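# What the coordinates show
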Amino acid sequence: MVTCESPIAVIDSGVGGISVLKRLWKLMPNEKYIYFGDSKNAPYGVRPTEEIKSLTFKSAESLISMGAKELVIACNTATSAAAAELRKKYPDFPIVGLEPALKPAALSGGRPTVIVMATELTLREKKFAALVERFKNNAEIIGLPAPGIVELVEASKADSEEMDEYLRKLFSPFDKDKEYCLVLGCTHFPFAKRAIRRVMGDRVKLFDGAEGAARHAKELLEARDMLCPQGQQGRITFENSDESHITLSKKLFEDYEV
Ligand code: DGL
């Protein structure tokens with residue numbers, strides 16, 4: 001039976017969703033979490049939509065059937081591909097998704113130039129097109145796919161010379177003296193924040209959707225009276241389709257500052 005002491009399931013294509021898990025942990029430290037990363041099949045973002053949908057359903061349904069009380073899809077790509085259908089299939093089950101934080105960036109003042117970094121899938125799906133439609137009058141919006149960041153983070157190279165080199169090429173068309181808003185629209189990207197600042201400088205304003213998603217996850221549980229009682233000791237279980245990524249998952253969780 002699912003109770004308020006049941007765990008919150010958090011899924012991602014790999015270790016990226018740990019940037020969201022850390023926010024959840026900060027906000028709800030007495031909850032139990034099961035984090036499942038599908039690193040064996042990462043990156044998702046370069047795959048066809050149907051394939052990502054089926055991989056996401058597989059991870060989500062195994063955790064729902066294990067008795068999780070909520071599902072957080074800590075992956076913009078999996079959310080774009082599968083969240084709507086998951087919600088249709090489980091209408092009473094609380095499901096939280098991630099979307100690029102375009103709103104706060106576009107509304108941050110003036111008419112900013114907003115670079116939305118995300119996976120190819122996120123940028124081509126209708127969820128993102130709808131988001132651009134909403135904010136196109138507030139900002140100049142540029143979509144920038146960056147699959148190499150996902151691969152480097154999965155390879156434990158988030159803060160490395162290889163990352164800097166990749167980012168230098170990625171950002172070469174942009175003027176470093178201009179003030180950009182950069183939306184980290186993939187949950188792997190916050191782990192590359194230090195490298196992004198090294199390459200783009202300190203003037204760049206960074207936005208990511210993890211904090212909003214964590215707040216929403218808490219609200220959904222509160223509304224159902226399903227928050228774990230105060231005073232309980234929280235716990236995280238890390239799982240991964242590629243066991244060799246569990247040590248990296250724990251390290252990223254420990255080191256990531258929110
Ligand atoms: N972490 C995922 C996201 O937020 C996707 C990374 C991938 O391509 O697997 O979009």
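See the structure above.
Because the structure is predicted, anything quoted here is derived from the model rather than measured.

### Section: the overall build of the protein chain
Along its length, the protein chain carries 11 helices and 9 strands. On C-alpha atoms alone, the protein chain measures out to a radius of gyration of 18 Å, which is about the 18 Å that the 2.2 N^0.38 rule sets for 258 residues. Expressed along its principal axes, the backbone C-alpha trace of the protein chain runs to roughly 55 × 40 × 40 Å. A buried classification covers 55% of the 258 residues belonging to the protein chain. Across the protein chain, contacts joining residues at least 24 apart in sequence account for 79% of those joining residues at least 6 apart.

### Overview of the pattern of salt bridges
Applying the stated criterion to the full structure yields 17 salt bridges. The partner of Lys 193 in a salt bridge is Asp 208, and the shortest N-O contact between them spans 3.9 Å. Linking Lys 193 in helix 9 (residues 193–200) with Asp 208 in the loop between strand 8 (205–207) and helix 10 (210–223), this pair joins segments that are 15 residues apart in sequence. A relative accessible area of 22% places Asp 208 in the partly exposed class.

Conventions we followed
- Residues numbered from 1 in each chain as written.
- Predicted model: local features only at pLDDT ≥ 70, side-chain atom pairs only at ≥ 80, totals over all residues.
- Heavy atoms only, no water.
- Helix = DSSP H or I, 4+ residues; strand = E, 2+ residues; numbered from the N terminus.
- Rg over C-alpha atoms; globule rule 2.2 N^0.38 Å.
- Buried < 20%, exposed > 50% of the residue type's maximum accessible area, 1.4 Å probe, protein only.
- Contact = heavy atoms within 4.5 Å.
- Salt bridge = Lys/Arg side-chain N within 4 Å of Asp/Glu carboxyl O.

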